[in-house]
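Here's the letter readout for the chains.
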2 protein chains.
Amino acid sequence: MLHVAEAARVSVATVSALLNGTATVSPELTQRIEQAIRDIGYKRNAIARSLKMGTTRTIGLTVPHITNPFFTDVVSVIQQAFDRAGYAVMLCCTDEDLNTQDEQIRLLLDRMVDGLIVARVGDGGLLKGIVEDTNVPVVLLDRLCEGVDTDAVVLDNQRAVFDAVTYLIHLGHRRIGYITGTSDISPMHDRMIGYREALQAAGLPVAEELIRSGNFHEIDGYNATMQLLSLHDRPSAIFSANNPMVIGTMKAIRDIGLSCPEDISVACFDDFPWSDVFVPQLTTVAQPVQAIGEQAANLLLDRLAGNRDAPPRKLVLKGRLMIRSSCRPLGAIAQSVSA
Amino acid sequence: MLHVAEAARVSVATVSALLNGTATVSPELTQRIEQAIRDIGYKRNAIARSLKMGTTRTIGLTVPHITNPFFTDVVSVIQQAFDRAGYAVMLCCTDEDLNTQDEQIRLLLDRMVDGLIVARVGDGGLLKGIVEDTNVPVVLLDRLCEGVDTDAVVLDNQRAVFDAVTYLIHLGHRRIGYITGTSDISPMHDRMIGYREALQAAGLPVAEELIRSGNFHEIDGYNATMQLLSLHDRPSAIFSANNPMVIGTMKAIRDIGLSCPEDISVACFDDFPWSDVFVPQLTTVAQPVQAIGEQAANLLLDRLAGNRDAPPRKLVLKGRLMIRSSCRPLGAIAQSVSA
DNA sequence: AACGCTAATCGAAACGTTTCGAACGTGTCA
DNA sequence: TGACACGTTCGAAACGTTTCGATTAGCGTT
């Protein structure tokens, strides 16, 4: 900017005023300055600007795994939304590890991000302190956090699983295996409640040996399914709590020599673009990824636009059961239950 | 830092020296400063640091679509690598649009990223000027760029498609539909050559009506497949040039009432974690995503470590044909060809 | 006792912006 | 003619660091 000012024989203040439109600049100087900018190929240094202004027009986004299609889609939507608004997005993957998450959040705050969207991990860690101590707005994504009172957008997980399990029950399934993620995050907690309530509502017992948990990875789903399938009285259906784990479920079913849906029915959380192309076409609970991403972005953009004092807003969206062909009706039992 | 200095009754220069280890600080002052840092909860401002140092420890990464599983995986690997090295990653999706890409690169450069990894779009746009004019190191990912002479890591696309198509020919297919992306980017160009060469090597004619192109999206694959399937003499096999497009291909096959591989064989570029769980299990060309991501990260990290003057390095990795069950042998024809 | 050497510490400039208040020239009004 | 307002322009401080050269204190030498 100094060079531009010299070349145009004006002060840097004038150049800045013109660039930001903060003061009227005479046509004559405007022309000289614009010419100088072109000649020099000047680009404003956003870092210096950030330092002075205290704002970076950059936000931080942390998710557990970007390869989980649910997060891939949501990240994509969020990225687009902030792109439109002229913000850059710093992406971090925490790999379901609390320490990693804390480190990355620290990294982001050091870099003075204007806001944070977090699909948290563990019990929140630093998150609580940040929401309380700093005035960096935080939006929780997908997962609430005990004791952290801030904007959030989540799914009605309990209801979604309730519906899915009820659907399985209506098909005649009585022993329904349930594979969950670690129970310290809200969606898994709520989904578990939905599972139990659906069984109870149908007057079915909750068999604890049918409930397995893992750390969200394919291998966890695989192991859990192996255990379920080697039970003395194995389940006739399995509900898997996320996408990577259901892939593990399908592999376990294949490896053990069974087939879906003939031998065992499968449903799961999170839809994916190819779910209705291949066989078995999985019955899933689809999350409204577009809406989730947009709402999260909007909540944060609203705070960034200055609306700091509004009380925390919590948006709860509805899942949608996508019924396909991976669950088969169980004839005899179906009748006895629906009777 | 000023507050810390005051609280510890030292100068800011000493605090800075201690924090950076650039000078020895007496145990006494060290202790006072560390105490003050704890008391105040001081965090160094990375923006001010960046301004002074001229480095942000942040890199920019642009890809066409993060929802394309190939890019999802590569982004994930790159993100991890830079995370380990203490760098933050700004992610941008260009949506296969050159203007968007140019804007985003500008945005990234304004923010003084230390380096750039680009899976480019279009003819490169600003890219060329940046590589020449700035001293921000650039690594091209997946796609080379005419006239841009810089580090790159790509696949041997020609060979990969040659192998895949040759495999189809060995199975007895003679009319092999080929769905490609826009031909202005190097992988599509090279893959097309691989396709033609495989046919020629087998003494088969290249029928232009069997070649369709689209803009990488599912819908493009769908439309292209619809056209191929409504040809008078329709192909017995289709090779689709990326993942979203092959999903379109599968949907078109389904919608037109055919089935794979009974009525038509399908193979495609890019593997995915679920490709061997569902039916048909797609035969694919798997890219070494882990290696691609790591190599790209390493190339850039090496430049960032100071190795600026080495000549551009171009890494060419090999694809791997994953033979599954989506392509069936064509009895009679197979014999006449292999005879 | 005067000197020089080393180690520790500090003051101040610099990075590239924004912004506030001051200065300047010009035209208007009393 | 002098006071005043207005529209432009500018000088300089500030944002929070790093870094260079200067300063100081302590200590061994001669």
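Residues numbered from 1 in each chain as written. Chains lettered and ligands numbered in written order. Predicted model: local features only at pLDDT ≥ 70, side-chain atom pairs only at ≥ 80, totals over all residues. Heavy atoms only, no water.

(A) Representation of the overall build of chain A. Within chain A, the secondary structure is distributed over 13 helices and 12 strands. The C-alpha atoms of chain A give a radius of gyration of 26 Å, which is well past the 20 Å a tight globule of 339 residues would have. Its C-alpha atoms put chain A at 90 × 40 × 35 Å along the principal axes. Per-residue burial over chain A gives 53% buried out of 339 residues. If you take every contact in chain A between residues at least 6 apart in sequence, the share linking residues at least 24 apart comes to 69%. (Helix = DSSP H or I, 4+ residues; strand = E, 2+ residues; numbered from the N terminus. Rg over C-alpha atoms; globule rule 2.2 N^0.38 Å. Buried < 20%, exposed > 50% of the residue type's maximum accessible area, 1.4 Å probe, protein only. Contact = heavy atoms within 4.5 Å.)

(B) Seen up close, the protein's contact with DNA strand C. Taken together, 23 residues form the shell around DNA strand C, and within it Ser 16 and Arg 49 of chain A together with Thr 14, Thr 24 and Ser 26 of chain B come nearest. When atoms of DNA strand C within 4 Å of the protein are sorted by moiety, sugar and phosphate together comprise 74%. One of the side-chain nitrogen or oxygen atoms of Thr 24 of chain B is found 2.3 Å away from a phosphate oxygen of DNA strand C. Going through the elements one at a time, α2 (12-20) and α4 (46-53) of chain A together with α2 (12-20) and α4 (46-53) of chain B are the ones with two or more residues in the surface near DNA strand C. For the surface near DNA strand C, the element with the most residues is α4 of chain A, which contributes 4 residues. Considering only residue class, the surface near DNA strand C consists of 10 nonpolar, 7 polar and 6 charged. (Near = heavy atom within 4 Å. Polar contact = N/O pair within 3.5 Å; in protein donor to acceptor, adjacent residues only side chain to side chain. Nonpolar A, V, L, I, M, F, W, Y, C, P; charged D, E, K, R; others polar.)

(C) The arrangement of empty space enclosed by the protein in detail. Considering all chains together, one arrives at 3 cavities of 30 Å³ or more under this definition. Ile 47, Met 90 and Arg 111 of chain A together with Ile 47 and Met 90 of chain B are, among the 14 residues lining the largest cavity, the residues nearest its centre. Elements with a minimum of two residues in the lining of the largest cavity: α4 of chain A together with α4 of chain B. Looking at side-chain class alone, the lining of the largest cavity contains 6 nonpolar, 6 polar and 2 charged residues. As a volume, the second largest cavity reaches approximately 90 Å³. The wall of the second largest cavity is formed by 14 residues, among which Phe 71, Asp 142, Arg 143, Met 188 and Arg 191 of chain A lie closest to the centre. Every element with two or more residues in the lining of the second largest cavity is listed here: α5 (69-84) and α9 (186-201) of chain A. Examining the composition of the lining of the second largest cavity, we find that 3 residues originate from one element, α9 of chain A, more than from any other. Among the residues forming the lining of the second largest cavity, the class breakdown is 7 nonpolar, 3 polar and 4 charged. (1 Å grid on protein atoms, 1.4 Å probe; cavity = no way out; pocket = protein on both sides within 12 Å on 5 of 7 lines; lining within 4 Å. Points joined across faces, edges and corners; volume = space filled by probe spheres on them.)

(D) Focus on the packing of helix α8 (residues 157-170) of chain B against helix α9 (residues 186-201) of chain B. All names here are of chain B. Across the interface, α8 lies against α9 with an axial gap of 7 Å and an inter-helix angle of 35°. Of the two elements, α8 crosses α9, and the hand of that crossing is right-handed. Residues Asn 157, Gln 158, Val 161, Phe 162, Val 165, Thr 166 and Ile 169 of α8 form the contact with α9, whose own contacting residues are Pro 187, Asp 190, Arg 191, Ile 193, Gly 194, Tyr 195, Glu 197, Ala 198, Leu 199 and Ala 201. (Axes fitted to C-alpha atoms, helices over the stretch in contact; angles between N-to-C directions. Left-handed = near helix turned anticlockwise from the far one by under 90°.)

(E) Structural detail: the pairing of strand β4 (residues 138-141) of chain A. All names here are of chain A. Covered by surrounding structure in β4 are Val 138 and Leu 140 together with Val 139 and Leu 141, the residues of both alternating faces. For the segment spanning strand β3 (residues 115-118), helix α7 (residues 127-133) and β4, crossover handedness is right-handed. Note that β4 and strand β5 (residues 151-155) share 3 bridges and pair parallel. Counterpart to Leu 140 in the pairing with β5 is Ala 152. (Right-handed = clockwise from strand over helix to strand, strands pointing away. Pairing = 2+ DSSP bridges.)

(F) A look at the interface of chain B and chain A. Facing 47 residues of chain B, the contacting portion of chain A comprises 45 residues. Buried area between chain B and chain A, both sides added, is near 4,000 Å², and the carbon and sulfur share of it is 65%. Considering only the side of chain B, the residues that lose the most area to chain A are Ile 47, Arg 111 and Phe 278 of chain B, jointly responsible for 17% of the buried surface there. Linking chain B with chain A are 19 residue pairs in polar contact (both at pLDDT 80 or more), by the criterion used here. If you list the elements that add at least two residues to the side of chain B that touches chain A, you get α4, α5 (69-84), β2 (88-93), α6 (98-110) and α11 (243-255) of chain B. Taken together, the residues that form the side of chain B that touches chain A break down as 24 nonpolar, 11 polar and 12 charged. (Buried area = accessible area lost by both parts, 1.4 Å probe.)

(G) Broad picture of the packing of helix α10 (residues 218-229) of chain B against α11 of chain B. Residues and elements named next belong to chain B. As a packed pair, α10 and α11 sit with axes 6 Å apart at the nearest point and diverge in direction by 45°. For the element pair α10 / α11, the angle class is oblique. Crossing hand, α10 versus α11: right-handed. Between α10 and α11, the contacting residues are Glu 218, Asp 220, Gly 221, Tyr 222, Thr 225, Met 226 and Leu 229 on the first element and Pro 244, Met 245, Ile 247, Gly 248, Thr 249, Lys 251, Ala 252, Ile 253 and Asp 255 on the second. Here the contact of α10 with α11 is composed, by residue class, of 8 nonpolar, 4 polar and 4 charged. (Parallel < 35°, antiparallel > 145°, perpendicular 65-115°, else oblique.)

(H) Molecular detail of the packing of aromatic side chains. Scanning the entire structure with this criterion turns up 15 aromatic pairs over all chains. Ring plane angle 80° and centroid distance 5.9 Å describe the contact between Phe 82 of chain B and Tyr 87 of chain B, whose orientation is recorded as edge-to-face. In terms of burial, Phe 82 of chain B and Tyr 87 of chain B fall into one category: buried. Taking 4.1 Å as the distance between ring centres and 25° as the angle between the ring planes, the aromatic pair formed by Phe 272 of chain B and Trp 274 of chain B counts as stacked. For Phe 272 of chain B, a relative accessible area of 4% gives the class buried. For Trp 274 of chain B, a relative accessible area of 5% corresponds to the buried category. Here the aromatic residues Phe 272, Trp 274 and Phe 278 of chain A together with Phe 272, Trp 274 and Phe 278 of chain B are joined through ring pairs into a cluster of three or more. (Phe/Tyr/Trp six-rings, centres within 6.5 Å; stacked < 30°, edge-to-face > 60°.)

(I) Fine view of the protein's contact with DNA strand D. Close contacts around DNA strand D come from 23 residues, with Thr 14, Thr 24 and Ser 26 of chain A together with Ser 16 and Arg 49 of chain B the closest. Atoms of DNA strand D within 4 Å of the protein: sugar and phosphate make up 74%, bases the balance. Lys 52 of chain A is positioned with one of its side-chain polar atoms (N or O) 2.7 Å from a base nitrogen of DNA strand D. A distance of 3.0 Å separates a phosphate oxygen of DNA strand D from a polar atom in the side chain of Tyr 42 of chain B.

(J) Highlighting the relation of the copies chain B and chain A. Mapping chain B onto chain A calls for a rotation angle of 180° and an axial translation of 0.0 Å; the resulting RMSD is 0.1 Å. The two molecules are tied by a two-fold rotation axis, judged by turn and shift. Of all interface residues in chain B, 96% are interface residues in chain A too; the two copies therefore contact each other through one and the same surface. (Least-squares fit on C-alpha atoms with pLDDT ≥ 70 in both.)

(K) The confidence of the model for chain A, seen in detail. All names here are of chain A. Counting all residues, the mean pLDDT for chain A is 93, and 98% of those residues have values of 70 or more. Put simply, helix α13 (residues 331-338) is where chain A has its lowest mean pLDDT, 47, and strand β11 (residues 314-317) is where it has its highest, 98. Taken as a whole, residues 333-339 scores under 50 in pLDDT and shows 6 contacts with residues more than four places along the chain or in a different chain. (pLDDT = per-residue confidence, 0-100.)

(L) Expanded view of the nonpolar core. If you look at the biggest cluster of nonpolar residues, it comprises 152 residues, and the most contacted ones within it are Phe 82, Ile 117 and Tyr 195 of chain A together with Phe 82, Ile 117 and Tyr 195 of chain B. By size, the runner-up hydrophobic cluster in this structure holds 32 residues, among which are Leu 116, Leu 127, Leu 140 and Cys 145 of chain A. (Core = buried A, V, L, I, M, F, W, Y, C linked by side-chain atoms within 4.5 Å.)

(M) Fine view of the layout of surface pockets. One number sums up the size of the second largest pocket: a volume of about 1,200 Å³. Taken together, 44 residues line the second largest pocket, and the ones lying closest to its centre are Thr 55, Thr 56, Met 112, Val 113 and Asp 114 of chain A. Broken down by secondary-structure element, the contributors of at least two residues to the lining of the second largest pocket are α4, α6 (98-110) and α7 of chain A together with α6 of chain B. For the lining of the second largest pocket, the class distribution of residues is 17 nonpolar, 12 polar and 15 charged.

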